[in-house]
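# Coordinates in review
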Amino acid sequence: VEVYYAEFLLAQWVLDSAPWNAYHSGLAFLNRDTGERCLYDFSPVDTSSVMKMLMPEIDASSKLAVLLGDYRLHWSNHARTQLELTWPSNYERFVRIG
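What comes next concerns the included structure. Computed from a prediction, not measured in an experiment: that's the story for all the values here.

### A closer look at the overall build of the protein
Along its length, the protein carries one helix and seven strands. Secondary structure elements of the protein, listed N to C terminal, follow the sequence β-β-β-β-α-β-β-β. The C-alpha radius of gyration of the protein comes to 17 Å, more than 25% above the 13 Å expected for a compact globule of 98 residues. When its C-alpha atoms are laid out on the principal axes, the protein stretches across 50 × 40 × 25 Å.

See below:
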């Protein structure tokens, strides 16, 4: 089974004459023996702002504490995980990672 990073351009805008792109991504899997494909991705529940990304805030007393696993994660949003039993056509780029 091969593993791929998959992405497509979700939005594009220009700020101060500089282009900014937002991508949606997922993990795609290909079984070389059977040809079966699937893709897992997740989407934020609250899509009212790009600032509500699915990225945690790390609360730790020091960098050493993080290395030792002594930290808390605070999430600003929730997500839905989705499974596609094919590689959707809106995904434009597949990069093999394993």
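The rest of the description comes next.
### As for the pattern of salt bridges
Within this structure, the stated rule accounts for three salt bridges. For Glu2, the salt bridge identified is with Arg96, shortest N-O distance 3.5 Å. Taken together, the positions of Glu2 in strand β1 (residues 2-15) and Arg96 in strand β7 (residues 93-96) put the pair 94 residues apart, joining distant regions of the chain. The exposure class of Arg96 is exposed, given its relative accessible area of 52%. Residues Arg93 and Glu7 are paired through a salt bridge, measuring 3.2 Å at the closest nitrogen-oxygen approach.

### Digging into unusual backbone geometry
With phi around 50 degrees, Asp16 is a residue other than glycine that occupies positive phi space. Relative to the assigned elements, Asp16 resides in the loop between β1 and β2 (18-30). For Asp16, a relative accessible area of 82% corresponds to the exposed category. Residue Ser17 is not a glycine yet carries a positive backbone phi of 65 degrees. Its place among the elements puts Ser17 in the loop between β1 and β2. Among the residues examined, Ser17 registers a relative accessible area of 72% and is labelled exposed.

### Regarding the sheet that holds β1
Through backbone hydrogen bonds, the strands of a sheet pair up, either in parallel or in antiparallel fashion. Taken in spatial order, the five strands of this open sheet run β6-β3-β2-β1-β7, and their pairing is antiparallel. Every interior strand has two partners, whereas the edge strands, β6 (79-84) and β7, have only one. Ignoring strand direction, the axes of neighbouring strands in this sheet form an average angle of 30 degrees.

### Regarding the pairing of strand β3 (residues 37-44)
If a strand is regular, its side chains alternate between the two faces of the sheet. As paired elements, β2 and β3 share five bridges and run antiparallel to each other. Paired with Leu27 across the bridge in β3 is Tyr40. What sits between the antiparallel neighbours β2 and β3 is a turn of six residues, in which Gly35 has the positive phi angle 80 degrees. Note that β3 and β6 share six bridges and pair antiparallel. Its bridge partner being in β6, Leu39 is matched across the sheet by Glu84.

Scoring rules and cut-offs
Numbering of residues starts from 1 in every chain and runs along the sequence as written. This being a predicted model, a pLDDT of at least 70 is required before a residue's local features are given, and a value of 80 or more before pairs of side-chain atoms are given or counted; all residues contribute to the totals for chains, interfaces and linings. Water and hydrogen atoms play no part in the side-chain values, which are based on all heavy atoms of the structure. Each helix is a run of H or I in the DSSP string that is no shorter than four residues. Each strand is a run of E no shorter than two, and both are numbered from the N terminus. Throughout, the radius of gyration refers to the C-alpha atoms, and the reference size of a globule is 2.2 Å times the residue count to the power 0.38. Here, a salt bridge means any Lys or Arg side-chain nitrogen found within 4 Å of an Asp or Glu carboxyl oxygen. Residue burial is assigned from relative accessible area. The probe radius is 1.4 Å, only protein chains are included, and a residue is buried under 20% of its type maximum, exposed over 50%, and partly exposed in between. The pairing criterion is simple: DSSP has to find at least two bridges between the two strands. Orientation is described by axes fitted as lines to C-alpha atoms, over the contacting stretch for helices, and by angles from 0 to 180 degrees between their N-to-C directions.

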